[in-house]
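For reference, the chains in residue letters:
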Amino acid sequence: MSATRKILMLHGFAQNGDIFSKRLGALRKAMGEGIELVFIDGPIILHNVDLGGDPSDASLNSLDASEACAASSDPALTPRAWWRANPERTRAQGLEESLVALRDVLRRDRYDGVFGFSQGAAMAALLAALLEKPHVYEPFLVDGKAPHPRFQFCVAVSGFRVSDPISDKIFESSYETPTLHVLGKTDVIVIEERSKGLLSVSANSRVEVHDGGHFVPSQAKWRAFWREYLRDPSEEVPFPGFMSKSQTN
């Protein structure tokens with residue numbers, strides 16, 4: 001392993017890599033030397049119709065993406081996603097494009113783990129699972145092999161299971177990558193019930209609950225937790241939040 005731990009950071013729906021990075025500014029500063037957080041953009045560009053109308057309304061605030069503006073020409077403000085759900089929420093439109101984009105990211109560099117928020121958390125878990133069984137989705141392969149070794153760990157904050165036939169195939173059996181699932185006690189976007197679908201296929205899980213809503217907690221006690229956890233996820237770092245539901249299936 002390299003001296004610096006490199007972690008792939010996947011943003012939520014309507015955010016982008018720049019917005020997510022700014023949201024976690026205090027956390028990034030707290031990491032110190034030895035941990036590099038790498039923020040990337042989802043390939044799906046969202047428009048007003050994808051955001052329920054006026055992109056300045058309360059919906060973007062609830063998604064923790066208040067800066068995003070579909071009408072802006074500034075790429076740092078462009079709302080992005082890893083897929084769009086169809087009206088029935090049975091397919092993730094654009095998921096194939098995102099998996100190919102992530103394949104290309106992974107073939108260029110090495111990451112110790114992956115950290116995602118909301119839709120990015122769903123994608124992080126899917127990516128961790130796919131690296132364990134890459135042959136279930138042939139376009140993900142590079143010269144017949146996985147583009148990257150398995151992640152050492154996955155962090156899913158406000159995560160859920162992707163609803164799509166590709167996801168169903170990948171999650172036909174549980175995945176083994178150690179995964180920290182962090183849920184918000186007052187999260188009304190991804191409620192605990194919605195997260196259960198992902199938890200049910202996470203065979204090596206640690207489940208924790210913070211007392212806030214739909215965001216990555218980053219108060220001082222949380223920054224200390226994230227710093228220690230990301231340095232060594234195999235250690236049982238004491239949880240600073242509202243409730244612990246740690247378990248290994």
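Remember, it's a predicted structure, so these values are computed and weren't measured experimentally.

## Considerations on the environment of S205
- Looking at the secondary structure, you find S205 in strand β10 (residues 205-210).
- For S205, a relative accessible area of 3% gives the class buried.

## Brief notes about unusual backbone geometry
- Backbone geometry places S118, a non-glycine residue, at a positive phi of 60°.
- The topology assignment puts S118 in the loop between β7 (113-117) and α5 (119-132).
- On the basis of relative accessibility, which here comes to 6%, the residue S118 falls in the buried class.
- In this structure, S158 is a non-glycine residue whose phi angle is positive, near 55°.
- Note on placement: S158 falls in the loop between β8 (153-157) and α6 (165-170).
- Among the residues examined, S158 registers a relative accessible area of 1% and is labelled buried.

## A closer look at the pattern of salt bridges
- What the rule picks out here adds up to 15 salt bridges.
- Linking E36 and K6 is a salt bridge whose minimum nitrogen-to-oxygen distance equals 3.9 Å. One end of the pair, E36, is in strand β2 (residues 35-40); the other, K6, is in strand β1 (residues 5-10), with 30 residues separating them in the sequence.
- Judged by its relative accessible area of 17%, K6 is buried.
- The salt bridge involving D104 is made with R103; its shortest N-O contact spans 3.0 Å.
- According to the relative accessible area criterion, R103 is buried, its value standing at 15%.

## Some points on the environment of F160
- Considering the arrangement of structural elements, one finds F160 in the loop between β8 and α6.
- Overall, the relative accessible area of 8% leaves F160 in the buried class.
- Not counting chain neighbours up to four residues away, the residues in contact with F160 comprise W83, S118, Q119, A122, V190, R194, S195 and L198.

## As for α5
- Given a rise of 1.5 Å per residue, 14 residues ought to cover 20 Å, and the 20 Å separating the end C-alpha atoms of α5 matches this to within 8%.
- Counting buried positions along α5 gives 14 out of 14 residues, so the element sits mostly inside the fold.

## A look at the pairing of β7
- Among the five residues that make up β7, five are buried, leaving the element largely enclosed by the rest of the structure.
- Across the two faces of β7 the burial is the same, with G113, F115 and F117 and V114 and G116 all buried.
- Relative to β7, β1 is paired through four bridges, and the arrangement is parallel. Counted as the bridge partner of L8 is V114 from β7.
- As paired strands, β7 and β8 are joined by five bridges and run parallel to one another.

## Observations concerning the environment of I44
- Examined against the element boundaries, I44 turns out to sit in strand β3 (residues 44-45).
- A relative accessible area of 4% places I44 in the buried class.
- On a C-alpha basis, the gap between I44 and D74 in space is 16 Å, while along the polypeptide they are 30 residues apart.
- With residues near it in sequence (within four places) discarded, I44 still touches P79, R80, A81, W82, W83, R84, G94, E97 and S98.

## Here's the deal with the side chain of R80
- Position of R80 relative to the elements: it lies in strand β4 (residues 80-81).
- Within the structure, the side chain of R80 is placed 2.9 Å from the backbone oxygen of G42, a separation counted as a polar contact.
- Every residue in contact with R80, bar those within four places of it in the chain, is listed here: H11, G12, F13, A14, Q15, N16, D41, G42, P43, I44, I45 and L46.

Reading the values: rules and limits
- Residues numbered from 1 in each chain as written.
- Predicted model: local features only at pLDDT ≥ 70, side-chain atom pairs only at ≥ 80, totals over all residues.
- Heavy atoms only, no water.
- Helix = DSSP H or I, 4+ residues; strand = E, 2+ residues; numbered from the N terminus.
- Buried < 20%, exposed > 50% of the residue type's maximum accessible area, 1.4 Å probe, protein only.
- Salt bridge = Lys/Arg side-chain N within 4 Å of Asp/Glu carboxyl O.
- Contact = heavy atoms within 4.5 Å.
- Expected span 1.5 Å × (residues − 1).
- Pairing = 2+ DSSP bridges.
- Polar contact = N/O pair within 3.5 Å; in protein donor to acceptor, adjacent residues only side chain to side chain.

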